[in-house]
Amino acid sequence: MISLTQAAPATVSVDALVVVLAERPEGLVPLGDVPDEIRTLVSGSAQVLGLTGAADEVHRVPAHRLRARSVVLTGAGKASTPESLRRAVGAATRSLAGLTSAAVVLPDDEPETLTAVAEGALLGAYAYTRYHGQGSSSTTKPALGEVQLLLGHRPTKAETRSVQRAQVLAEAVHAARDLVNAAPNDLYPEAFADVARTATKGLKGVKITVLDEKALAAGSFGGLVGVGQGSARPPRLVKVAYSPGRAKRSVALVGKGITFDSGGISLKPSADMDEMKSDMAGAATVLSTVVAAARLNLPIAVTAWCALAENMPSGTAQRPSDVLTMRDGTTVEVLNTDAEGRLAMADVLVAAVEETPDLVVDVATLTGAQVVALGRRVAAVMGTDDAREEVVAAATASGEAFWPMPLPEDMKSGLKSKVADLANIGERWGGMLLAGLFLAEFVGDTPWAHLDVAGPAYNSKTAYGYTPLGGTGMGVRTLLTLLESRAER
Ligand code: BES
Ligand code: MN
Ligand code: ZN
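Residues numbered from 1 in each chain as written. Chains lettered and ligands numbered in written order. Predicted model: local features only at pLDDT ≥ 70, side-chain atom pairs only at ≥ 80, totals over all residues. Heavy atoms only, no water.

1. Things to note about the coordination of the manganese ion (ligand 2)
Going by this rule: For Na, K and Ca the donor cut-off is 3.2 Å; for every other metal, N, O and S atoms count as donors within 2.8 Å. Water does not enter the count, which can leave sites looking incomplete. Between 85 and 135 degrees for all angles marks four donors as tetrahedral; over 155 degrees for opposite donors together with 65 to 115 for all other angles marks four donors as square planar and six as octahedral; every other arrangement is irregular.
Distances from the manganese ion (ligand 2) to its protein donors, D261 (OD), D338 (O), D338 (OD) and E340 (OE), fall within 2.0 to 2.2 Å. Taken together, the six donor atoms coordinating the manganese ion (ligand 2) span angles of 71 to 168 degrees at the metal, a pattern that classifies the geometry as irregular. The sequence motif formed by the donor residues of the manganese ion (ligand 2) is D-x76-D-x1-E. Here the manganese ion (ligand 2) and the zinc ion (ligand 3) are spaced 3.2 Å apart, with D261 acting as a shared donor.

Laid out in structure tokens, this is it:
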């Protein structure tokens, strides 16, 4: 929980007072209206404490003449962009897991700073504790309880609204992270559908529809059925439609929801296969986004489509060389059952496009090639020119890293099949683009953006800034920002 307060930094009674440090040409600078004790500490003891102000440098020291019980000094690095502040404050609140309360000294009084600090504080205050028992081997700490932002004056309407929005946004990101972090024995397609039912219960203007495996077969979802047929836990399509009465515009969001990707008969190597519980991150992102849009009452219609299946090898699994007929009649030769995401997504893109939305955005942990191209922190966006640029703009505004990638028309020939309209794989090189080109076959002329978040959706290495280990919630901020700007124009 977050709140705005008039209290002064020296008098606020909390477990920790958070102060942002910046590396400036003139030296190390604590930002904002910082008590003298902290100014003196920073100027006098930076060297002995090893303070440099670099990003992800967090120090906690005892407080003496303050009401706060400790001071957290968190580095923002050289730049003080909203995103560098978001990360600095997030790293601080992340370091305070297990404590009850913190207050943040605002670095300046720009409205964007308030937004970034509120978001960073909440995004960093996350812990996934579902599987930590009560036994003596339990080491988990719950997330920091509450955060006060030291505004110094009575909040204006705009300031209150900005913080409420940050709260809804952060809850959406946390919900997406929770879904990714859930173990795949607990989170299978029907279980995801249950989470969606609960998350949308009582939300105004929201209608949820769940198609089970029979309905999917009857609806000619050949791709989603093919991918899901090897699992004892059958596939689902979850559609969450938010339609406020006054909406003139509409956006469809399609998410890849492979609750576990073993590769199927084209089995993956066992090293790191555990990370494939995150293969439903796209579905988690689109579900969380539509819920946030509804909670914020955005005047735009948003439909989230979650393509849910478990990709498993078994006697009923699809085989390499199987031919599937997709919802639009396209036939696809399955040459590799591990290229399952595009099969599941294709049908659902077709269904989404049937409703003639103004824009389709899909989110998928689609290719290892995305991670090769851009690494673990930068996601890719492909699609029609305007849609791709719109996503880049929304990503930049929200502080998420999405980089534009091309869909070269002439590479399409790489998806030729000897027996069907398309093959589900081509050569290895440019694998991210080939997967994008495959999806492009199913969106027709609808403006469309494809977000490949394979690397950034799941953090298996080390936490940084406001980004925890495990599910990151990548994409929620960009999509919500995109919806907000579409709703406005
Ligand atoms: N879910 C994976 C992609 C992935 C890889 C996500 C690493 C996150 C981290 C996807 O289903 C997959 O297996 N893709 C294959 C496609 C290949 C067989 C053409 C890949 O990228 O190796
Ligand atoms: Mn796969
Ligand atoms: Zn996959």
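2. Side note on the nonpolar core
As a reminder, the rule being used: In plain words, nonpolar cores are sets of buried Ala, Val, Leu, Ile, Met, Phe, Trp, Tyr and Cys residues tied together by side-chain atoms within 4.5 Å. Burial here depends on accessible area, computed with a 1.4 Å probe over protein chains only, as a share of the maximum for the residue type. Under 20% is buried, over 50% is exposed, and the range in between is partly exposed. Contacts between residues were defined by any pair of non-hydrogen atoms, one from each residue, lying within 4.5 Å.
L149, F192, L451 and L483 are the most contacted members of the largest nonpolar core, which has 94 residues in total. If we skip the residues at most four places from it in the chain, F192 touches L179, L187, M280, A283, A284, L287, C306 and L308. The next biggest cluster of nonpolar side chains, apart from the first, holds 38 residues, and it includes W305, L324, M345 and A435.

3. A closer look at the coordination of the zinc ion (ligand 3)
Donor atoms from the polypeptide that bind the zinc ion (ligand 3) are K256 (NZ), D261 (OD), D279 (OD) and E340 (OE), placed at 2.0 to 2.4 Å. Around the zinc ion (ligand 3) sit six donor atoms; with metal-centred angles ranging over 78 to 174 degrees, the donor geometry is octahedral.

4. Quick notes on the sheet that holds strand 13 (residues 331–333)
Let me state the cut-off plainly: In short, DSSP must find at least two bridges between two strands for them to pair. Put simply, DSSP H or I for four residues or longer makes a helix, DSSP E for two residues or longer makes a strand, and each gets a number counted from the N terminus.
With respect to topology, three strands assemble into an open sheet ordered 12-13-17, the strand pairing being mixed. Edge strands, defined here as strands with exactly one partner in the open sheet, are strand 12 (323–325) and strand 17 (422–423). Here three bridges tie strand 12 to strand 13, and the two strands are oriented antiparallel to one another. Considered in strand 13, the bridge of V323 is made with E333.

5. So, the packing of aromatic side chains
Heads up, the condition is: Whether two aromatic rings pair depends on their centres lying within 6.5 Å, for rings of Phe, Tyr and Trp, where Trp uses its six-membered ring; planes under 30 degrees apart make the pair stacked, over 60 edge-to-face, and the rest tilted. Two limits define a charge over a ring: the Lys NZ or Arg CZ must be within 6 Å of the ring centre, and within 35 degrees of the ring normal.
Tallying each qualifying case throughout the model produces two aromatic pairs. For the pair Y128 and Y131, a centre-to-centre distance of 6.1 Å together with 65 degrees between the ring planes defines the contact as edge-to-face. Owing to a relative accessible area of 40%, Y131 belongs among the partly exposed residues under this scheme. Measuring from ring centre to ring centre gives 5.4 Å for F438 and F442, while their planes differ by 40 degrees; the resulting arrangement is tilted. You can call F438 buried: its relative accessible area is 0%. For the cation-ring pair, R377 lies above Y464, with the distance from its terminal atom to the ring centre recorded as 3.4 Å.

6. Notes on the packing of helix 3 (residues 111–124) against helix 4 (residues 157–181)
Test applied: Interaxial angle, 0 to 180 degrees, is taken between N-to-C directions of lines fitted to C-alpha atoms, where a helix line uses only the stretch in contact. Orientation labels follow simple angle bins: below 35 degrees gives roughly parallel, above 145 gives roughly antiparallel, 65 to 115 gives roughly perpendicular, and whatever is left gives oblique. Crossing handedness follows the turn of the near helix against the far one: under a right angle anticlockwise gives a left-handed crossing, and clockwise gives a right-handed one.
The N-to-C vectors of helix 3 and helix 4 enclose an angle of 30 degrees; their axes lie 9 Å apart at closest approach. The angle between helix 3 and helix 4 falls in the class roughly parallel. Here the hand of the crossing between helix 3 and helix 4 comes out right-handed. The segment helix 3 lies against helix 4, with L114, T115, A118, E119, L122 and L123 engaging E159, S162, V163, R165, A166, Q167, L169, A170, V173, H174 and R177.

7. Focus: the pattern of salt bridges
Spelled out, the test is: We define a salt bridge as a contact between a side-chain nitrogen of Lys or Arg and a carboxyl oxygen of Asp or Glu at a distance within 4 Å.
Counted according to the given criterion, the structure contains 28 salt bridges. Measuring nitrogen to oxygen at the nearest pair gives 3.4 Å for the salt bridge that ties R477 to E83. One end of the pair, R477, is in helix 13 (residues 476–488); the other, E83, is in helix 2 (residues 82–95), with 394 residues separating them in the sequence. Take E83: its relative accessible area is 14%, and that puts it in the buried class.

8. A few points about the site of ligand 1
Test applied: Proximity is defined per residue: any heavy atom of the residue falling within 4 Å of a molecule or strand makes that residue near it. Pairs of N or O atoms are called polar contacts if they sit within 3.5 Å, as long as, within protein, a hydrogen donor faces a hydrogen acceptor (for residues adjacent in sequence, only side-chain-to-side-chain pairs). Throughout, the Shrake-Rupley method with a 1.4 Å probe supplies accessible areas, and for residues the shown protein chains are the sole cover considered. Residues are grouped as follows: Ala, Val, Leu, Ile, Met, Phe, Trp, Tyr, Cys and Pro are nonpolar; Asp, Glu, Lys and Arg are charged; every other residue, Gly included, is polar.
The environment of ligand 1 is made up of 15 residues, and the closest members are D261, K268, D338, E340 and G368. Contact between ligand 1 and K256: an oxygen atom at 3.2 Å from a side-chain N or O atom of the residue. Note that an oxygen atom of ligand 1 is positioned 2.8 Å from one of the side-chain N or O atoms of K268. A total of 520 Å² of accessible area belongs to ligand 1 in isolation, and the protein chains cover 76% of it. Within the shell around ligand 1, the residues separate by chemical class into four nonpolar, four polar and seven charged.

9. Some thoughts on helix 8 (residues 281–295)
We apply this condition: Multiply 1.5 Å by the residue count of a helix minus one, and that product is the helix's expected span.
The end-to-end C-alpha distance of helix 8, which contains 15 residues, comes to 21 Å, matching closely the 21 Å that a straight helix rising 1.5 Å per residue would cover. Burial of helix 8 is extensive: 14 of the 15 residues sit out of reach of the surface. Positive backbone phi, at 60 degrees, marks N297, one or two positions downstream of helix 8.

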